[in-house]
Amino acid sequence: MRKAVSGVFLTALVITGCSSGEEQKAPAAGQAPASAETDKLRAALLPVPTGMKVAYGPEVGAFGTLKSTQQGLEALRQAKAERPECAGAAQLDAAVPAVAKAPAAVIAFAADSGSITQAVVSLPSPAFPNALPEQCTRYTADVAGKKVTYRTKALKMPAKGDQSHAYLTTATGDKDTTAQIGSVMIRRGTMVMSMLVVGRQVKPQGIFELARLADETMAKASA
């Protein structure tokens with residue numbers, strides 16, 4: 001299964017010493033023409049968080065064609081995961097035709113402390129990723145030639161939208177180099193928001209506040 005945007009992709013940037021902002025600076029291509037749907041998706045994206053800058057986007061188009069989706073898929077192809085099905089678990093599956101073709105908008109923010117990548121997808125019918133399987137709470141992967149161990153726990157986030165879930169993953173690489181990924185999924189009707197927060201240390205309370213802001217922004221855009 002192909003999931004995007006992948007935690008493997010984003011943690012590779014931290015574990016291997018790269019900047020998320022540097023990786024995301026490729027210019028957007030194939031942007032969809034303006035329409036009521038794309039305007040709504042743009043409006044559902046977060047404004048620039050305090051202390052951060054836009055590193056990529058906003059890019060609008062079919063979810064499967066977005067550069068961030070393609071980069072996530074490429075990272076999954078290159079990584080040698082102990083359990084390949086876990087690398088993108090609990091995320092939207094870009095291999096499903098209806099998801100790949102769905103209108104979407106994505107943006108990424110960066111700061112010295114880390115990055116936030118957010119995607120909002122308008123699906124043809126209500127859908128939400130399954131919860132993280134038990135076997136995916138701990139697994140290893142070879143990322144850019146380095147062994148990385150991923151440990152994930154579900155967070156008790158206050159309910160958002162029609163459905164929501166949140167996880168915190170700690171990725172440990174060589175010489176105990178660590179990064180954390182906070183992941184949030186929220187569904188409001190047929191609109192699904194995916195957000196990944198990456199840094200050396202990611203606090204659950206910060207994830208919850210971003211989720212609250214994202215849910216409020218989605219609600220306004222959907223009104």
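Sequence positions are assigned chain by chain, starting from 1 and proceeding in written order. In keeping with the predicted nature of the model, local features appear solely for residues at pLDDT of at least 70, side-chain atom pairs appear and are counted solely at 80 or more, and the whole-chain, interface and lining totals rest on all residues. To get the side-chain values, take all heavy atoms of the structure and skip hydrogens and water.

**Let's talk about the overall build of the protein**
Think of it this way: any DSSP run of H or I at least four residues long counts as a helix, any run of E at least two long counts as a strand, and we number them from the N terminus. Counting secondary structure elements, the protein contains six helices and nine strands. Every residue pair with non-hydrogen atoms within 4.5 Å of one another is taken to be in contact. Excluding contacts between residues fewer than 6 apart, the proportion of contacts in the protein whose partners are at least 24 apart in sequence is 67%. Surface accessibility in these figures is a Shrake-Rupley result with a 1.4 Å probe; residues are shielded only by whichever protein chains are displayed. For the protein, the accessible area works out to roughly 10200 Å², and carbon and sulfur atoms hold 51% of it.

**Observations concerning the side chain of Arg187**
Mapping Arg187 onto the fold places it in strand β8 (residues 178-188). Any residue under 20% of the maximum accessible area for its type is buried, any over 50% is exposed, and the rest in between are partly exposed; the area is computed with a 1.4 Å probe on protein chains only. Owing to a relative accessible area of 12%, Arg187 belongs among the buried residues under this scheme. Polar side-chain contacts of Arg187 include one of 2.7 Å to the side chain of Gln163. The term polar contact refers here to a pair of N or O atoms within 3.5 Å; inside protein, the definition further demands a hydrogen-donor-capable atom paired with an acceptor-capable atom, and it admits residues adjacent in sequence only when both atoms are side-chain atoms. A distance of 2.8 Å separates a polar side-chain atom of Arg187 from the backbone oxygen of Gly189. In this view, Arg187 contacts Pro126, Ala127, Phe128, Gly161, Asp162, Gln163 and Val192; residues no more than four positions away in its chain are not counted.

**A short note on the pattern of salt bridges**
Any carboxyl oxygen of Asp or Glu within 4 Å of a side-chain nitrogen of Lys or Arg constitutes a salt bridge here. Taken as a whole and assessed by the stated rule, the structure comprises four salt bridges. One salt bridge connects Arg187 with Asp162, and the closest N-O pair in it is separated by 3.7 Å. One end of the pair, Arg187, is in strand β8; the other, Asp162, is in the loop between β6 (146-154) and β7 (163-172), and 25 residues separate them in sequence. Its relative accessible area of 48% is what places Asp162 among the partly exposed residues. Among the ionic pairs, Arg212 bridges to Glu209, the shortest N-O distance being 2.5 Å. Taken together, the residues Arg212 and Glu209, both in helix α6 (residues 204-222) and three residues apart, mark about one turn of the helix. Look at the salt bridges and you will find they share partners, linking Glu209, Arg212 and Glu216 into a network.

**Section: unusual backbone geometry**
In this structure, the amide linkage connecting Gly57 to the following residue, Pro58, adopts the cis form with an omega of 0°. With respect to the helices, strands and loops of the structure, Pro58 is situated in strand β1 (residues 53-62).

**Re the layout of surface pockets**
A cavity here means a set of 1 Å grid points, computed over protein atoms only, where a 1.4 Å probe fits but cannot escape. A pocket is an open set with protein on both sides within 12 Å along at least 5 of 7 lines, and lining residues have an atom within 4 Å of a point. Grid points are joined across faces, edges and corners, and a volume is the space filled by probe spheres set on the points. Reported here for the largest pocket is a volume of approximately 390 Å³. For the lining of the largest pocket, the secondary structure elements donating two or more residues are β4 (114-122), β9 (191-199) and α6. Looking at the lining of the largest pocket element by element, the count peaks at five residues for α6. By the convention adopted, Pro, Cys, Tyr, Trp, Phe, Met, Ile, Leu, Val and Ala count as nonpolar, Lys, Arg, Asp and Glu as charged, and the other residues, Gly among them, as polar. Residue classes in the lining of the largest pocket are distributed as 13 nonpolar, eight polar and two charged.

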